Structures are given as structure tokens and as C-alpha cells.
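# Notes for the structure review
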Amino acid sequence: MPRLDPVPPGPSAPTLWMARREWRAALELATAAVRTRDVADWPTGDGHPVIVLPGFLAGPESTVFLRQHLRRLGYRVHDWRQGRNLGASPELAARLEDLLLEVHDRYGRRVSLVGWSAGGVYAREMARALPDYTRGVITLGSPFRHHPASTRAWAMYRMMNRHNLDLMFTEEALALRAQPLTVPTTSIYSKADGIVAWECCVADPAPRTENVEVSATHLGYGHQLETLHVIADRLAQPEGTWAPWAGAGAVASTHDKAV
């Protein structure tokens, strides 16, 4: 195994008790499946393209509900086309940037990125590399701050990605991933998350950047009703305008007016 820099101080990973409560994700899915068609007051989309990226060890099947929901709201929704998420690499980063450029060219419009857990980390780096092609980024329980040792997935990630660890988690690399983006960014987090410490999922204050708290489990972000409402509202903002989420549980990191 590569020799890693010492793990810097950070929040503790969720407790085993919290992780065991992730079974509630099944209830969140059942509730959303019954009620999503009844939320007529939710904003609908303008047809712009959206790419949805799954979390670590998850694949396209994990985001089916979310993608179908966004299609019903009027978006052109795409899976990330990489199969199961087994970890980051320079090759994966290049393929995702190519996907973003392809989807942008297909519709002639900027693309919104919605990333669940590790998928949100990738989405942020896609937007960082190609801001002129990105309309905005929404992350769902994504650990883009602190060291991934603050997650219950770290041991598995370290075992499966030994060849990349020496470069990916240096203090310099961690600091770079935590830097705010230039595009509108919504970081959704939950203190009920049983996999990722919520402190890893919140952004520093910056223009057009916000942190929104929900009550989802980690495995339930993509189909929990409250989270879906936030996603729908954020995606529906007209391109070129931005205002922080005004619903319950929102914590805007910057201005309280549209910019």
C-alpha cells in the first residue's frame, strides 16, 4: 500500500449506531414513490440537460428514481455512463469531462450536475475544469472537505484504490477539492447521515454557494422527498440568475439576495 501523509485532523466518522439507521432509506423511498406525483407546486424544468452521478460502489440503478423524477419535471437527464463507481482516477476524470462536453454540444446548453456522495466530488471537479459548460452543481452528502477517513467507506475505498491514494489525499489535494466553485453550487447535507460526517459536506462561504440541511439518510438522498424538493427548486432557477434556497433548513453561505 502506498505511503500516505498522516491523516489531518477532522470530524469523526458517523457512529456504528448511525450507520445501522441507514435502513430508513427504504422508508424514504417508499414515501417518495407514493407522494412525488402529488407535489404539483414544485417548480418544473426548462428542458436543460442534467447529468446524475452515483456514489461510491453504486451504479446507474441507484439513481434511477432520481433520474425518472427529474425527467418528469422536464429535464433532459443522463446517467454518468461509467457503470459502477469504484473510485476516482485521472482516466475517469478525463472521461467525465468528455461526457460533459458531449452533452453540452448535443443540446447547445450548459449542463447541470447532480452528484450523490463521491459522485458529487467528481461533479465538483468536472465543473472546476469546465465552468463555461456547467450551469450549476448540486451535491448530495458529498465529502469534498476534510479527509475521507471521516466516512465509514474509507476502509473499503482504501482497499480498492491503493494505486491512487498517494496523490489523491495529500493536504494540497484535499485543500484544492474544498475550494469553492465559480458556478452556482448547492451542497446538501444531513446530520442523520450514517456514512459521511456532515461536516465533510458543507462548503465555505462564497458567491453563489450555499449549504442546505435536510433530514435524509446517506443511502436515501436520491429519493428522500425533502431532498428532491431542494433539487427541483435549485435546478429550476433561470440560467444566469441565482438566489439561495428559501425553504426550511436552508443555510445560505453568502448573499441573501439574487446575484
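Right above here is the structure, for reference.
These lines cover the structure that appears in this document, whether it is placed above or below. Since this is a predicted model, take the numbers as computed values, not measurements.

For the rest of this paragraph, the subject is the side chain of His 223. By secondary structure assignment, the location of His 223 is in the loop between β6 (209-214) and α9 (225-235). For His 223, a relative accessible area of 9% corresponds to the buried category. Beyond its immediate sequence surroundings of up to four residues, His 223 is in contact with Ala 25, Glu 28, Leu 29, Ala 32, Phe 65, Trp 116 and Leu 228.

On to a nonpolar patch on the surface. Side chains of Leu 57, Leu 86, Met 156, Met 159 and Met 160 sit close together on the surface and give an oily, nonpolar patch of about 410 Å² of accessible area. Note on Met 160: relative accessible area 32%, which makes it partly exposed.

Although it is not a glycine, Leu 57 sits at a positive phi angle of roughly 75°. In this structure, Leu 57 sits in the loop between β1 (49-53) and α3 (64-72). Residue Leu 57 is classed as partly exposed on the basis of its relative accessible area of 35%. Phi is positive for Ser 117, close to 55°, though the residue is something other than glycine. For Ser 117, the location among the structural elements is in the loop between β3 (111-116) and α5 (118-129). The class for Ser 117 is buried, based on a relative accessible area of 9%.

So, about helix α2 (residues 25-35). Burial in α2 covers these residues: Ala 25, Glu 28 and Ala 32. For α2, the angular spread of buried residues about the axis comes to 55°, placing them on one side. Set apart from the buried face of α2 by more than 90 degrees, the exposed residues are Ala 26 and Val 34.

Next up on the list: the pairing of strand β5 (residues 185-190). Among the six residues in β5, six count as buried, and that is most of the element. Across four bridges, the pairing between strand β4 (residues 134-140) and β5 is parallel. Paired with Val 137 across the strands is Thr 185, a residue of β5. Of the pairings in the sheet, the one linking β5 to β6 comprises six bridges and is parallel in character. Across the sheet, residue Ile 188 finds its bridge partner in β6, namely Val 212.

Nonpolar side chains in soluble globular proteins tend to be buried together. Formed by 29 residues in total, the largest nonpolar core has its most connected members in Ile 51, Leu 53, Leu 96, Leu 113, Tyr 122, Val 137 and Tyr 157. Only β1, α4 (90-107), β3, α5 and α6 (154-160) provide two or more residues apiece to this core. No other element matches α5, which puts six residues into this core. Residues in contact with Ile 51, not counting those within four places in the same chain, are His 78, Asp 79, Trp 80, Leu 99, Leu 100, Val 103, Val 111, Ser 112, Leu 113 and Val 114. With 27 residues, the next largest nonpolar core counts Val 77, Leu 140, Val 214 and Ala 216 among its residues.

In the structure shown here, the tally under the stated rule is 10 salt bridges. Linking Glu 239 and Arg 110 is a salt bridge whose minimum nitrogen-to-oxygen distance equals 3.9 Å. Highlighted residues: Glu 239 in the loop between α9 and β7 (250-252) and Arg 110 in the loop between α4 and β3, separated in sequence by 129 residues. Here Arg 145 ties to Asp 204 by a salt bridge, and the two come within 3.5 Å at their closest N and O atoms. You can see Arg 145 sitting in the loop between β4 and α6 and its partner Asp 204 sitting in the loop between β5 and β6, a full 59 residues away along the chain. Residue classification places Asp 204 among the partly exposed residues on the basis of a relative accessible area of 31%. In the salt-bridge network here, residues are joined through shared partners; they are Asp 46, Arg 109, Arg 110, Arg 135 and Glu 239.

What follows covers the packing of aromatic side chains. Applying the stated criterion across every chain yields a total of two aromatic pairs. Geometrically, the ring pair formed by Trp 80 and Tyr 122 is stacked, given 6.2 Å between the ring centres and 15° between the ring planes. Of the two residues, Trp 80 is situated in the loop between β2 (76-79) and α4 and Tyr 122 in helix α5; the sequence distance between them amounts to 42 residues. We note Arg 124 situated over the ring of Phe 144; from NZ or CZ to the ring centre the distance is 3.9 Å. A cation sits over an aromatic face here: Lys 191 above Trp 198, 4.7 Å from the ring centre.

Parameters at a glance
- Residues numbered from 1 in each chain as written.
- Predicted model: local features only at pLDDT ≥ 70, side-chain atom pairs only at ≥ 80, totals over all residues.
- Heavy atoms only, no water.
- Helix = DSSP H or I, 4+ residues; strand = E, 2+ residues; numbered from the N terminus.
- Buried < 20%, exposed > 50% of the residue type's maximum accessible area, 1.4 Å probe, protein only.
- Contact = heavy atoms within 4.5 Å.
- Patch = residues over 30% accessible without salt bridge, like charges linked within 9 Å, V, L, I, M, F, W, Y side chains within 5 Å.
- Areas by Shrake-Rupley, 256 points an atom, 1.4 Å probe, with all protein chains shown as cover.
- Salt bridge = Lys/Arg side-chain N within 4 Å of Asp/Glu carboxyl O.
- Arc of directions from axis to C-beta.
- Pairing = 2+ DSSP bridges.
- Core = buried A, V, L, I, M, F, W, Y, C linked by side-chain atoms within 4.5 Å.
- Phe/Tyr/Trp six-rings, centres within 6.5 Å; stacked < 30°, edge-to-face > 60°.
- Lys NZ or Arg CZ within 6 Å of the ring centre and 35° of its normal.

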